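Letter by letter, the chains look like this.
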Amino acid sequence: MSDNLRDSYQVTNPRPLTNFFHAVWAVVWKDISAELRSRELISAMFVFSLLVILIFNFALELDARARENVTAGVIWVTFAFAGTLGLNRSMSMEKDRGCLDGLLLAPVDRSAIYFGKAIGNLIFMFLVEIIVLPIYTVLYNVNLFVPGLIITIILGSLGYVAVGTLLSTMAIQARTRDILLPILLFPLVIPVLLAAVKASSGFLQGVSYDEISPWLNILIVYDVIFTAIAYMVFDYVVEE
Amino acid sequence: MIPKPRLLIGLDFVTAFLFVVAVVMVFFYAPLEAVMGQVQRVFYFHVSTAWVGMLGFLVAAIAGIVYLTKGEEKWDIVGVAAIEISLVFFFVAIISGSIWARPIWNTWWTWDPRLTTAAIVELIYAAYMMLRQGIEDPDRRARFGAVYAILGFLSVPLTFISIRLLRTIHPVVVGGGNPTAAGGFDMSSKMLQTFFFSLFAFSVLFIDLLWHRIRLGTLAHKVEQLRMKDID
């Protein structure tokens, strides 16, 4: 990590744009290397996802016919819950030992920190999704490796993480930080979850693309709007 | 303490008067709707409260933007005042809608786009209040509140559109006719007059309440500052 940080400092000033990407990458790499050492986040998210899927198995009586209809819903609820876990952990890790203050002292644009954290969160979320999908496929005998579904998952995770990273930065600075994130996050990501569930189940049931495309459009619009807004307001969220 | 402004006292009386007139119009001036009967009269206040709710959320989002750009305390007070009032009005809209839906749709609640969106909007702004309660530092509380008010307001249309893609049965009385809507009706001119008068009366009520709430917010802010000074 230290090598990488030094690299990013060596290119200060003359080329600000490269510097920006270096800073983003430094934050991402910091998260990845911390995770590689502890393996706390991924394992917690993974085990949690498995538990959610198992609970759904009992709660919904997932027999062959029911599975057709609810698979998309089950996987998205799983991702949403596991995602909250990851977002909370990734940000409170920064807050606990004053790492966030350290990051803020770095002479880089604040939005670099936002994008760094968001990309880190996205990577962790993708990793969990990559593990959960084959397991779900095996356990329930539903083929989830449909190209359209993969695209939906990428778009949905993007929107979820874009808002989630911003809100978790806010939540960890509040007194009620552990319970606050899902309360803040879920009402705002309902368009993402709804569109993602609809698009996913469309792809799984082989519905024609014309019927699915409005949902994908909503996902794209949401991703663009909320990434832009988060980029604009992140400064105010970390300001001291 | 600042004495209550003359204009505000005047506005109080005007609001009370308009409100009484609106009630009288709803019950005695507007004709009885042929199919639905008396329960249709809930419509005038139902739409008006929902309108005030959305108006307040819009005001809060704008106040949030201004607060973030200018950083003046008063805009935070405006934002929280608007949301607090609108939260109540929106809740009234949901309840009055339920009262209407019971005889007309034969259910208190259905997962129709507008109803679902209304429930989500109510939850967004309930989350806003919880966010504010969880933060002690006034400056940070104001900043986070402004950010969340903006995010929340932006997500509402997207939520609505996405839920609307699923089918709707909510009647669209003003502008556009949906043939599948259950419980729609055409308004006669007297109904229209009552409707617009209710909208007007509730808008004035909103302004009046907002003014009061802003005064209260300013006082609360002063108390907070005095207390801070005491601790230091």
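That block above? That's the structure.
Within each chain, residue numbers correspond to sequence positions counted from 1 in written order. By the order in which they are written, chains take letters starting at A while ligands take numbers starting at 1. Local features in this predicted model are restricted to residues of pLDDT 70 or higher, and side-chain atom pairs are both shown and tallied only at a pLDDT of 80 or more, whereas totals for entire chains, interfaces and linings draw on every residue. To get the side-chain values, all heavy atoms of the structure are used, and hydrogens and water are removed first.

Quick notes on the overall build of chain A
Then, number 1: Helix and strand labels come from DSSP, where a helix needs a run of H or I of at least four residues and a strand needs a run of E of at least two; each type is numbered from the N terminus. Per the secondary structure count, chain A includes 10 helices and 0 strands.
Then, number 2: Along chain A, helices and strands appear, N-terminal first, in the series α-α-α-α-α-α-α-α-α-α.
Then, number 3: A compact globule built from 240 residues would reach a C-alpha radius of gyration of about 18 Å, and chain A, at 19 Å, matches this within 12%.
Then, number 4: Sorting the 240 residues of chain A into buried and exposed places 50% on the buried side.
Then, number 5: We call two residues contacting when some pair of their heavy atoms lies within 4.5 Å. In chain A, 79% of the contacts between residues at least 6 apart in sequence involve partners at least 24 apart.
Then, number 6: Here the open area of atoms and residues is found with the Shrake-Rupley method and a 1.4 Å probe, where only the protein chains shown may cover a residue. When the accessible surface of chain A is split by element, carbon and sulfur atoms take 65% of a total near 11100 Å².
Then, number 7: For this count, His and the chain ends are skipped, Lys and Arg are scored as positive, and Asp and Glu as negative. Where a charge lies is defined by one atom per residue type: Lys uses NZ, Arg uses CZ, Asp uses CG and Glu uses CD. The distance from the centre of the 15 positive side-chain charges to the centre of the 20 negative ones in chain A is 6 Å. The globule rule is 2.2 Å times the number of residues to the power 0.38, and the radius of gyration it is compared with is taken over C-alpha atoms. Only protein chains enter the accessibility calculation, which uses a 1.4 Å probe. A residue is then buried if its area is under 20% of the maximum for its type, exposed if over 50%, and partly exposed in between.

Focus on the overall build of chain B
Then, number 1: The secondary structure content of chain B amounts to 6 helices and 0 strands.
Then, number 2: Ordering the α and β elements of chain B from the N terminus gives α-α-α-α-α-α.
Then, number 3: Its C-alpha atoms put chain B at 65 × 45 × 25 Å along the principal axes.
Then, number 4: A total of 232 residues make up chain B; the buried ones form 49% of that total.
Then, number 5: At a minimum sequence separation of 6, the contacts of chain B that also span at least 24 residues come to 77%.
Then, number 6: Roughly 11700 Å² of accessible area belongs to chain B as shown, and the carbon and sulfur atoms make up 70% of that amount.
Then, number 7: In chain B, which carries 19 positive and 16 negative side-chain charges, the distance between the mean positions of the two groups comes to 5 Å.

As for the interface of chain B and chain A
Then, number 1: Across the contact, 27 residues belong to chain B and 29 residues belong to chain A.
Then, number 2: Two parts placed together each lose some accessible area; with a 1.4 Å probe, that loss summed over both constitutes the buried area. Taken over both partners, the interface formed by chain B and chain A buries close to 2700 Å², and the fraction arising from carbon and sulfur atoms is 76%.
Then, number 3: Any carboxyl oxygen of Asp or Glu within 4 Å of a side-chain nitrogen of Lys or Arg constitutes a salt bridge here. At the junction of chain B and chain A, the tally comes to 1 salt bridge.
Then, number 4: The residue glutamate 136 of chain B makes a salt bridge to arginine 175 of chain A at a minimum N-O spacing of 2.6 Å.
Then, number 5: In protein, a polar contact requires one atom able to donate a hydrogen and another able to accept it; more generally it is a pair of N or O atoms within 3.5 Å, and residues adjacent in sequence count only if both atoms are side-chain atoms. Counting the contacts that link chain B with chain A gives 7 residue pairs in polar contact (both at pLDDT 80 or more).
Then, number 6: Counting residues per element, the ones that place at least two in the side of chain B that touches chain A are α4 (113-133) and α5 (138-164) of chain B.
Then, number 7: Residue polarity follows a fixed list, in which Ala, Val, Leu, Ile, Met, Phe, Trp, Tyr, Cys and Pro are nonpolar, Asp, Glu, Lys and Arg are charged, and the others, Gly among them, are polar. Partitioning the side of chain B that touches chain A into residue classes produces 18 nonpolar, 6 polar and 3 charged.

Focus: the packing of aromatic side chains
Then, number 1: Only Phe, Tyr and Trp rings take part, Trp by its six-membered ring, and two of them pair if their centres are within 6.5 Å. Stacked means planes under 30 degrees apart, edge-to-face means over 60, and tilted covers everything else. Summed over the entire model, instances satisfying the criterion amount to 21 aromatic pairs over all chains.
Then, number 2: Relative to tyrosine 140 of chain A, the ring of tyrosine 136 of chain A lies with its centre 4.7 Å away and its plane at 40 degrees, an arrangement referred to as tilted. You can see tyrosine 136 of chain A and its partner tyrosine 140 of chain A sitting in helix α6 (residues 110-140), 4 residues apart, about one turn around the helix. Each member of the pair, tyrosine 136 of chain A as well as tyrosine 140 of chain A, is classed as buried.
Then, number 3: Each ring, one from phenylalanine 57 of chain B and one from tyrosine 125 of chain B, has its centre 3.8 Å from the other, and the planes form 5 degrees; the classification is stacked. Of this pair, phenylalanine 57 of chain B sits in helix α2 (residues 42-70) while tyrosine 125 of chain B is found in helix α4, placing the two residues 68 residues apart along the sequence.
Then, number 4: Judged by its relative accessible area of 1%, tyrosine 125 of chain B is buried.
Then, number 5: An aromatic cluster is present here, built from Phe20, Phe21, Tyr114, Phe115, Tyr231 and Phe234 of chain A joined pairwise through their rings.
Then, number 6: Two conditions define a charge sitting above a ring: the NZ of Lys or the CZ of Arg must be within 6 Å of the ring centre, and it must be within 35 degrees of the ring normal. Above the ring of tyrosine 29 of chain B, the side-chain terminus of lysine 190 of chain B is found at 5.2 Å from the ring centroid.

Some thoughts on helix α10 (residues 209-238) of chain A
Then, number 1: To estimate the expected span of a helix, count its residues, drop one, and scale the result by 1.5 Å. In this model α10 of chain A runs 42 Å from its N-terminal to its C-terminal C-alpha over 30 residues, within 8% of the 44 Å that 1.5 Å per residue would give.
Then, number 2: Throughout, bend refers to the angle between the axes fitted to the seven residues that end at a position and the seven residues that start at it. The largest bend in α10 of chain A is about 40 degrees, located at methionine 232 of chain A.

Concerning α2 of chain B
Then, number 1: Between its first and last C-alpha, α2 of chain B extends 42 Å over 29 residues, near the 42 Å set by a 1.5 Å rise per residue.
Then, number 2: Trailing α2 of chain B by a residue or two, glycine 71 of chain B shows a phi angle of about 70 degrees, which is positive.

A word on the pattern of salt bridges
All names here are of chain A.
Then, number 1: Here the structure, examined in full by the defined rule, presents 11 salt bridges over all chains.
Then, number 2: One salt bridge in this structure joins glutamate 94 and lysine 30, with 2.5 Å as the shortest N-O distance. Placement of glutamate 94 in helix α4 (residues 64-96) and of lysine 30 in helix α2 (residues 16-38) is noted, with a sequence separation of 64 residues between them. For the pair formed by glutamate 94 and lysine 30, the shared burial category is buried.
Then, number 3: One salt bridge connects arginine 89 with glutamate 40, and the closest N-O pair in it is separated by 2.7 Å. Highlighted residues: arginine 89 in helix α4 and glutamate 40 in helix α3 (residues 40-60), separated in sequence by 49 residues.
Then, number 4: Take arginine 89: its relative accessible area is 30%, and that puts it in the partly exposed class.
Then, number 5: Residue classification places glutamate 40 among the partly exposed residues on the basis of a relative accessible area of 40%.
Then, number 6: Via salt bridges that share partners, Lys30, Asp31, Glu94 and Lys117 belong to a single interconnected network.

Note that all results are geometric; they support no functional claim without further evidence.
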